[in-house]
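# Descriptive structure summary
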Amino acid sequence: DEREPALASQLVLTAATIARLEGLAAWPALLPALTASCTRPAPLDAARGLSALYRVVKLQASRRLLAHRKAFFALSEQLHAPLASLRT
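Residue numbering note: each chain is counted from 1, following its sequence as written. Local features in this predicted model are restricted to residues of pLDDT 70 or higher, and side-chain atom pairs are both shown and tallied only at a pLDDT of 80 or more, whereas totals for entire chains, interfaces and linings draw on every residue. Values reported for side chains reflect all heavy atoms of the structure, with hydrogen atoms and water molecules removed beforehand.

### Section: the overall build of the protein chain
- Per the convention used, a helix needs a DSSP run of H or I reaching at least four residues, while a strand needs a run of E reaching at least two, with both numbered from the N terminus. Looking only at helices and strands, one finds four helices and zero strands in the protein chain.
- Reading the protein chain from its N end, one meets helices and strands in the order α-α-α-α.
- In terms of overall dimensions, the protein chain has C-alpha extents of about 40 × 30 × 20 Å along its principal axes.
- Within the protein chain, the proportion of its 88 residues that are buried is 25%.
- Only carbon and sulfur atoms are counted for the fraction: they give 65% of the accessible area of the protein chain, which is about 6000 Å².
- With 11 positive and 6 negative side-chain charges, the protein chain shows a separation of 11 Å between the mean positions of the two kinds. Only protein chains enter the calculation, and the probe is 1.4 Å; a residue is then buried if its accessible area is under 20% of its type maximum, exposed if over 50%, and partly exposed in between. Here the open area of atoms and residues is found with the Shrake-Rupley method and a 1.4 Å probe, where only the protein chains shown may cover a residue. As used throughout, the charge tally considers Lys and Arg to be positive and Asp and Glu to be negative, leaving His and the chain termini uncounted. Note that the charge is assigned to NZ on lysines, CZ on arginines, CG on aspartates and CD on glutamates.

### Some words on the environment of Ser 9
- Locating Ser 9 in the fold gives a position in helix α1 (residues 5–22).
- Residue classification places Ser 9 among the partly exposed positions, given a relative accessible area of 23%.
- Sequence separation of Ser 9 and Arg 48 is 39 residues, and the distance between their C-alpha atoms is 8.6 Å.

### With respect to the pattern of salt bridges
- Whenever a carboxyl oxygen of Asp or Glu lies within 4 Å of a side-chain nitrogen of Lys or Arg, that contact is scored as a salt bridge. All told, the structure shown has one salt bridge when counted by the stated rule.
- A salt bridge links Asp 45 to Arg 3; the shortest N-O distance between them is 3.1 Å. Placement of Asp 45 in helix α3 (residues 43–61) and of Arg 3 in the segment before α1 is noted, with a sequence separation of 42 residues between them.
- Exposure remark for Asp 45: the relative accessible area of 16% places this residue in the buried category.

### Some points on the confidence of the model for the protein chain
- What pLDDT reports is the predictor's confidence in each residue, on a scale of 0 through 100. Scored by pLDDT, the protein chain comes out at a mean of 87, with 99% of its residues at no less than 70.
- No element of the protein chain has a lower mean pLDDT than helix α4 (residues 66–86), which averages 83, and none a higher one than α1, which averages 91.

### Overview of α1
- Taking 1.5 Å per residue, 18 residues should reach 26 Å; α1 reaches 26 Å between its end C-alpha atoms and fits that length.
- Gly 23, located one to two residues past α1, shows a positive phi value of around 90°. To estimate how far a helix should reach, multiply one less than its number of residues by 1.5 Å.

Below, the structure is given as structure tokens:
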């Protein structure tokens, strides 16, 4: 809920980097919180939530080991339905 755009962006990058290093299993509430933030009524808040989710998913996709790739495929299946509902 940071109102300063530059600071909000850096906070998202920091959280995404930590989630990449520790794995999403260490942060079980991260994805539900990010998915919920994408559906906020204020357009700016929803856009920031979607941007944060994008950055976390992008960094998760950059992991190269087979186990990490399998975890990313499971993540993409998990996010498909909530993100598809945003299009309507």
